[in-house]
Every structure is written in C-alpha cells, then in structure tokens.
Amino acid sequence: MRKILPLAVFGATPMFERPIAKGQRFFPSWAQYESMFRDIFERQYYTNHGPLAQELEGRLAERLNVRHAMCVTNGFIGLALSGQALGVRGGVVVPAHTFVATSRSLDWTEARPLFCDVDPTSGMMTAEVVAPLLSRQSVSAILAVNPWGDCCDVTGLQALADQYGIPLYLDSAHGFGCEIAGRPVGTFGAIEVISFHSDNILSACEGGVICTQSDDLAASVRNMRSNYGMGPPVPVVKTGNGRMSEAQAAVALFNLDHYAEYKQRNEQLFGTFRKGLAGIPGLAVRVPSGVSESNYQNLICLIDEATFGLRRDYLWRILRAENVLAGRGFYPPMHQSLSTHESPTNSLLHTEHYCARTIELPMNQALTKEDAARLIELLGSIQRDANVIGRQLAEAA
Amino acid sequence: MEVKPRTEDFALFGGQPLFDSIRSISNLVQPDFDKFLSYSRLIFEDQCYSGGGRVEQLLESRLAEFHQVRHSVSFCGGFWGLVLAMKALALQGRTEVVMPSLTYRRLADIVAWAGLIPHFCEVDPLRLCITAETARPCINGNTALLLGVHPIVNSCDGEGLEALSAETGVPLLFDAVESSYETLNGRRVGTFGRAECFSMQSSKLLNAFEGGYVTTNDDALASHLRAARNYGFDADGKLSASGMNAKQNEIHAAMALAALDDVDEQVQVNRRRYDRYKVGLASVPGVRLVPFDERERNGYKNIVVELLDDWPISRDLTLALLHKDNMLCRPYYYPPLHQKSTGYAMVWSDLSQTEDLAKRFLMLPCGYFISEEEVGQVCDYLRAIHSHGGELARRAPQAR
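What you see is a predicted model; the values in this text were computed from it and never measured. (Residues numbered from 1 in each chain as written. Chains lettered and ligands numbered in written order. Predicted model: local features only at pLDDT ≥ 70, side-chain atom pairs only at ≥ 80, totals over all residues. Heavy atoms only, no water.)

A. Examining the pattern of salt bridges more closely. Under the criterion given, the structure shown has 44 salt bridges over all chains. Here A:Arg374 makes a salt bridge to A:Asp371, at a shortest N to O gap of 3.5 Å. Placement of both A:Arg374 and A:Asp371 in helix α14 (residues 369-384) is noted, with a separation of three residues, approximately one turn of the helix. Assessed through its relative accessible area of 37%, A:Arg374 is described here as partly exposed. Exposure remark for A:Asp371: the relative accessible area of 13% places this residue in the buried category. For B:Asp262, the salt bridge goes to B:Lys35, with nearest N and O atoms at 3.1 Å. Of this pair, B:Asp262 sits in helix α8 (residues 250-282) while B:Lys35 sits in helix α1 (residues 33-46), and the two are 227 residues apart along the sequence. One network of salt bridges, with partners in common, ties together B:Arg6, B:Glu8, B:Asp9 and B:Arg395. (Salt bridge = Lys/Arg side-chain N within 4 Å of Asp/Glu carboxyl O. Helix = DSSP H or I, 4+ residues; strand = E, 2+ residues; numbered from the N terminus. Buried < 20%, exposed > 50% of the residue type's maximum accessible area, 1.4 Å probe, protein only.)

Shown next, in the form of structure tokens:
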C-alpha cells in the first residue's frame with residue numbers, strides 16, 4: 001500500500017498549531033484597542049445610542065445610500081424586530097438552505113416559516129422556487145437570504161413579492177459591502193438586515209444593522225429598539241431591547257475604516273484558493289455570481305463525492321483534526337433540524353443535495369498566504385489518497 | 001450658600017441651573033481601566049469575540065461565586081435573559097404570569113415576548129413589592145409562572161413567594177435586575193426561586209456597557225438557557241431548545257469583570273451618598289426617604305423618596321423643577337403597567353393601591369456622577385421647594 005500523508009485524524013501532529021476558525025475575525029491591534037477604549041472611558045458614555053453609535057449609523061446610511069440604518073445588538077434581534085415591524089403572520093417563505101437565525105427569527109413573530117427550495121446550481125433562492133408556494137397558500141412575506149458574499153435573485157423575488165402585494169425582506173447577514181448591479185446590499189426589499197458578528201467582514205464582535213428606506217418601518221423599529229428621540233414615537237405591539245453599546249460601535253467604526261483593506265485581503269486569498277484548488281478533481285470553489293461586487297468573506301467549496309473520492313463529512317473531520325475549523329455550510333438544512341416546525345410538503349431536494357456537498361474553508365484574518373498554500377497542498381494530497389483514507393476511516397468507525 | 005433663596009432662582013423660572021451638567025438616576029460607574037485592559041488581553045490571545053469565550057466563562061464562574069449559586073448564565077442583556085428564563089420555566093399549557101404592575105416600564109413587554117400574558121397583582125404598600133399575600137389572589141388554573149420582582153430599594157418577599165410556589169406548584173422566577181449586591185434575611189439574592197435575572201446595563205450597579213445574567217442552582221435549566229441564548233444549539237451542537245441570539249460579547253464580559261472587581265469599594269461610596277441623603281432629608285418636611293434595611297447587604301445605589309401629604313406641590317411640578325435644574329429624576333414607576341396601552345392582552349382586577357402608590361414616589365440623583373457634597377445640595381434644593389411651596393405652584397400653573 002502506498003504511504004499516505006500523515007494526518008492528524010490518524011494521530012499525527014495537526015498541520016496548524018492553533019485552531020483556525022472559519023470566520024473573518026478582524027479586530028483592532030492592541031494599541032488601537034487601548035486608545036479606543038481610553039476615549040470611551042474618558043467620555044463616560046457607555047450605551048444608549050451614544051456618540052459612537054450615532055456616528056456609525058450616520059456613516060452606514062451614507063455608505064449604503066439608505067435612508068435609515070439602525071444599529072442593533074445583533075443580526076438576529078435585527079431580524080426579529082424587522083418581522084415585528086412588518087407585522088408578519090401566517091406563513092413566511094424562507095429558504096431551508098440558511099443559517100438557523102433566519103427561520104428562527106420567525107419564532108419571535110406571529111408567523112411560521114414555509115421552507116422553499118433553492119436553485120440547484122447557485123444554492124440560492126429564486127423567484128421560480130418561491131412562486132409555487134405563493135399560489136398554494138396564504139403567505140404574508142418573503143424572507144430571502146443573501147449568504148456568502150453573494151446574493152440570491154433579489155430582483156426576481158421583488159417582482160414576485162410586488163405581484164402578490166406582500167413585502168420582501170432580506171437576511172443579508174454576510175452581505176456588508178456587496179453590490180448587485182452597482183447598488184449596495186442594504187437598499188433592497190422593505191427591510192434588509194446585515195450582521196456585524198465577528199465572523200463577518202464588518203465586525204462589532206456582535207451586532208447588526210437594520211436598513212430601510214421606509215420612514216414608517218424605521219419609526220416602528222426605533223420604537224421597539226429604543227428611540228432616543230430620533231423620529232416620531234409610534235405605537236408598537238411591544239418594545240424590545242436592541243441597543244448597540246459604544247464598545248460594539250467603536251469596534252465596528254474601526255473595522256469600517258479598514259473595510260477596503262480587508263476586502264482586498266479577502267479577494268487575494270480567495271484568488272489564491274481558487275487558483276490553487278482548481279486542479280483538484282471533485283472540488284469546486286463556489287464563485288459569487290449574483291453580485292457585481294463581493295466582500296469575498298466566505299470560501300465555499302462543493303465536493304462531488306464520486307470524483308473527489310471521499311465523503312464530504314470525512315473531509316470535514318480530517319480538516320478539523322488538522323485544526324482547520326472548516327464548516328459544512330448550512331448543514332443540516334432547517335427542515336431537518338427544527339423538529340418544532342411542520343414538515344414541508346414541497347420538495348427540498350436541491351437544498352438537501354447542496355447541503356450534503358458543501359464545505360467552508362477558513363477566511364480567517366490570521367490565515368496567511370503560506371497557510372493557504374499548505375492547506376491547498378493538504379487538500380490535494382487528501383484527494384490523491386482519498387480511497388485509502390476513506391477505507392481507514394470507515395474501518396476505524 | 002443658600003440654595004434657591006428666591007423662586008426666580010429656580011431654572012424653571014429663568015434662574016441658573018443648580019448643576020451645570022446632568023445628575024441622573026443612572027449609575028454609570030467607571031470600572032478601573034487597567035483591570036478592563038487586563039481582562040481584554042484574553043480576547044487578543046484567543047481571537048474569540050463572542051459565544052462562550054474565555055472571558056465570558058470567567059465572568060460566569062465569578063458571578064456564580066459572587067451570588068453563592070451553582071450557575072450564572074450570561075446574556076447580551078437582562079431583557080432577553082428574562083424572556084428566555086420565562087419561556088423555560090412557564091408551565092406548559094398555561095399562559096398567565098403573576099407579577100406586579102408597579103414595576104419596570106418594559107416588564108409586561110418582556111412577558112409578551114415570552115408568549116405569555118401578564119396578570120398584575122397589588123404590591124405591599126410599605127415594601128412597594130410583590131409578596132405572597134398580594135400574589136395569592138391572582139393565582140388560578142391558568143397561572144404558568146410567578147414573577148417575583150425585587151424593588152430597587154431592598155428585596156421582595158423571597159421566602160414567602162418560595163413557600164407559595166411550593167404550595168401551588170407554580171414555578172418562581174425573580175426579576176432582580178437592580179439587586180446584584182443584596183441579601184434577604186442574610187441569604188444572597190440570586191439564590192431564590194428557580195432562577196433570578198440581573199442586568200449589567202451601564203445604569204446598574206455593575207456596568208458591562210450592556211449585559212445581563214441569570215443565576216440558578218438548577219443544572220438542567222442552566223444548560224437549557226445556554227442553548228437558548230445560542231439559537232438553541234446544545235453543547236453537542238444539536239438544535240434542541242427554542243432560542244435566539246442573546247449571547248454576551250467578550251468585551252462586555254471584560255467590562256463586567258472589571259466592574260465586579262470594584263463593586264465593594266463602589267458600594268462603600270454609595271453608602272456614604274445614601275447616608276448623606278438620610279441626614280439631609282431628615283430635616284426636609286414632606287419628604288420621606290425609603291430606607292434600606294441596614295441589617296442586610298445592600299448596594300445602596302438607588303434613592304427613592306415619597307412625597308407626603310404635606311409636600312406643597314404636585315409630583316409633576318417637582319419633577320419639572322428638578323429637570324430644569326439638571327437633575328434628571330424619574331417618578332418611581334409611572335404609569336403602572338396596567339394603565340399603559342399595549343398591543344397584547346393583560347389581566348388585572350382592582351389595583352387601586354398600586355394606582356395610589358404610583359403617584360407618590362420619585363427617584364433622586366444617584367451613582368457615580370454625584371458627589372456627597374452635591375447630595376447635600378439636592379437635599380437643600382428640596383428644602384427650598386418646600387419653603388417656597390405655594391408660590392412655585394402659583395408661578396407654574398401649566399406644570400401642575
């Protein structure tokens with residue numbers, strides 16, 4: 001038997017000394033951090049829509065070219081408040097191919113998710129997959145998702161929503177900095193929510209922004225989140241707490257200042273992986289195709305088991321053993337992980353197929369070009385030895 | 001120097017404000033910066049910014065120790081900590097939460113987020129809180145949860161409510177957002193009922209920028225809450241409980257740890273401010289300071305006074321005067337929750353005692369931004385209001 005590469009999954013020393021998380025995790029340097037927080041301590045303004053939160057909202061509104069950019073504690077709370085502001089009830093169409101935050105945000109409204117399938121090639125929601133659901137039952141909104149620095153068929157979905165007279169709102173958690181035909185993510189739908197979790201390109205550690213062009217929806221969101229005298233007080237069903245602190249806003253402002261640099265770094269790293277992985281049979285790098293501008297914050301690969309020679313889950317385990325904390329995309333899909341929801345009657349086969357093939361490699365700020373080269377080399381070797389590795393893993397199980 | 005010798009000296013009538021900047025009822029205590037930085041070091045070492053990082057783990061164990069309880073579970077805020085604890089503890093198939101109406105303005109909204117219905121009870125007129133006696137008449141076949149709320153001065157009837165919970169089988173949760181430091185009959189607040197929820201928003205005793213935590217001795221409840229704050233992902237990564245993102249971030253956790261390190265010294269300073277109020281208000285007619293029970297451990301942060309029948313002007317005018325002189329005082333819970341219009345159902349019967357109490361109390365400036373000397377000025381200011389009484393009311397008919 002040919003000697004295979006020593007792998008950590010079989011007891012060898014891991015390729016990386018410390019775990020490399022898949023998220024972006026951009027953060028100020030120590031000196032910058034110390035100076036930012038010294039300023040906050042001197043101002044003694046800690047939360048409640050302080051000067052930094054106000055500055056961040058102003059800069060986001062300007063950059064995204066949106067009337068209202070309202071910062072919140074995190075993206076999930078942003079989605080929950082948005083659903084409340086829109087008054088969604090009954091069914092809301094949402095892809096099963098998404099992070100749990102999307103559909104779970106509906107648990108905090110009067111609505112329930114109606115899971116739709118995705119396009120088999122892009123893995124994204126399209127008007128074609130949503131349309132049959134709208135004609136079959138009563139639906140109060142479409143909650144679309146723009147994952148991975150890419151976008152779904154927003155234009156088609158907006159036309160469909162208009163046709164049925166229901167709002168489209170968007171979970172664009174991964175979408176800061178992306179553009180569709182030159183128009184920034186944040187300006188689409190009735191409301192668009194972007195996440196500032198540290199895994200995304202614009203990190204506030206935790207955080208998010210609710211974007212809308214509608215004065216009425218903005219007033220409703222602000223009255224739930226806490227208004228701070230901005231805009232008119234309007235009645236809401238119930239208030240929540242969605243404040244962003246000065247600490248979160250400080251980190252977000254720093255990262256916003258460095259966005260261009262981060263994006264360039266991501267794009268170069270993405271290019272390195274795309275080129276380096278191109279020759280590996282059965283492994284395809286997913287390239288954002290629904291946007292005119294991507295932030296390249298996620299590196300999604302699709303594994304064709306038959307050609308690659310190894311199950312996606314085995315590859316995932318091997319990488320994790322090497323301290324590469326790869327992900328499996330949106331696996332398992334929502335309709336298979338949420339037992340509380342009714343079983344969908346429509347087919348979600350493309351979703352299931354996509355979920356079973358996805359592997360997400362790290363786009364962590366700590367990952368160097370040399371690390372990327374080693375990782376590419378490792379993936380090549382794994383593929384070459386796939387049969388032997390697969391047999392050994394199966395035997396060990 | 002005499003404070004406000006003439007009525008025209010009050011800022012409401014054109015005088016110079018007593019303070020040149022706002023004195024509020026928020027704490028806004030500043031932890032030691034170097035301690036904050038030293039905890040922040042861990043964030044840089046781990047490059048983990050949220051979700052079960054080392055700083056949050058350290059905070060949870062420190063808070064558990066502080067409250068002498070098995071678990072402390074951190075949240076991004078006390079608001080969502082309460083929502084998730086209510087959802088976790090409410091009896092299945094029942095909908096009502098027995099709680100006071102004379103309390104935090106958003107507490108009924110919190111119950112509504114949990115998918116439950118507030119059933120308001122009276123409060124004890126002396127302790128200003130829910131007791132077993134005031135809660136008992138509200139318990140019925142649809143009661144899902146008892147929500148004990150500790151008032152901002154002293155604690156509610158913890159042991160009486162525990163006995164009522166044991167007798168009726170209705171689970172007991174406490175809203176203890178202002179009571180981090182308190183004891184009740186010598187026992188730490190944080191150990192009562194099935195769980196207690198605290199806030200670390202910057203206006204509270206512990207300033208974490210934003211934040212909150214739930215204490216419990218119940219292992220299963222702690223695991224459930226840790227999953228619920230992370231969308232429902234349990235320790236094995238399985239999606240179990242219902243959930244949301246209510247995770248504390250690591251910077252806020254570092255701030256909380258620094259605040260916790262300083263809390264004993266802070267309480268000593270609060271105690272001196274409180275003592276100054278006690279001395280200063282003793283000689284002001286018509287005002288009664290709501291006293292801390294000095295046999296217990298108290299944070300001594302909040303200053304609540306009652307305007308008695310011989311106070312010469314309305315509470316509204318008193319507040320209007322204070323505001324203009326840069327004292328951002330607030331009524332003690334007005335309007336009571338059952339008198340607010342909301343978009344969800346609420347249940348109550350006669351709450352005349354609550355309605356009466358809601359008109360009588362107010363909170364005076366406290367916390368990090370007010371010195372002991374300034375506390376003396378606030379007392380002198382109230383004395384001046386009392387002595388000018390009738391004339392102030394005549395000059396401000398619109399504010400009455």
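B. Fine view of the packing of aromatic side chains. All told, the structure shown has 39 aromatic pairs over all chains when counted by the stated rule. When the centroid spacing of 5.9 Å and the interplanar angle of 65° are considered together, the rings of A:Tyr46 and B:Phe209 count as edge-to-face. With A:Tyr46 in the loop between α1 (30-43) and α2 (51-64) and B:Phe209 in the loop between β9 (195-199) and β10 (212-216), this residue pair bridges two chains. The buried category is assigned to A:Tyr46, whose relative accessible area is 1%. Taking the centre distance of 4.9 Å and the plane angle of 85° together, the rings of A:Phe99 and B:Tyr231 count as edge-to-face. One end of the pair, A:Phe99, is in the loop between β3 (89-95) and α4 (100-104); the other, B:Tyr231, is in the loop between α7 (219-228) and α8, on a second chain. (Phe/Tyr/Trp six-rings, centres within 6.5 Å; stacked < 30°, edge-to-face > 60°.)

C. The arrangement of the environment of B:Thr318 in detail. All names here are of chain B. Relative to the assigned elements, Thr318 resides in helix α9 (residues 315-324). Using a relative accessible area of 0% as the deciding quantity, one classes Thr318 as buried. Separated by 68 residues in sequence, Thr318 and His386 place their C-alpha atoms 10.0 Å apart. In contact with Thr318, other than residues within four places in its own chain, are Leu307, Trp311, Ile313, Leu362 and Ile385. Polar side-chain contacts of Thr318 include one of 3.0 Å to the side chain of Trp311. Polar side-chain contacts of Thr318 include one of 2.6 Å to the backbone oxygen of Ser314. (Contact = heavy atoms within 4.5 Å. Polar contact = N/O pair within 3.5 Å; in protein donor to acceptor, adjacent residues only side chain to side chain.)

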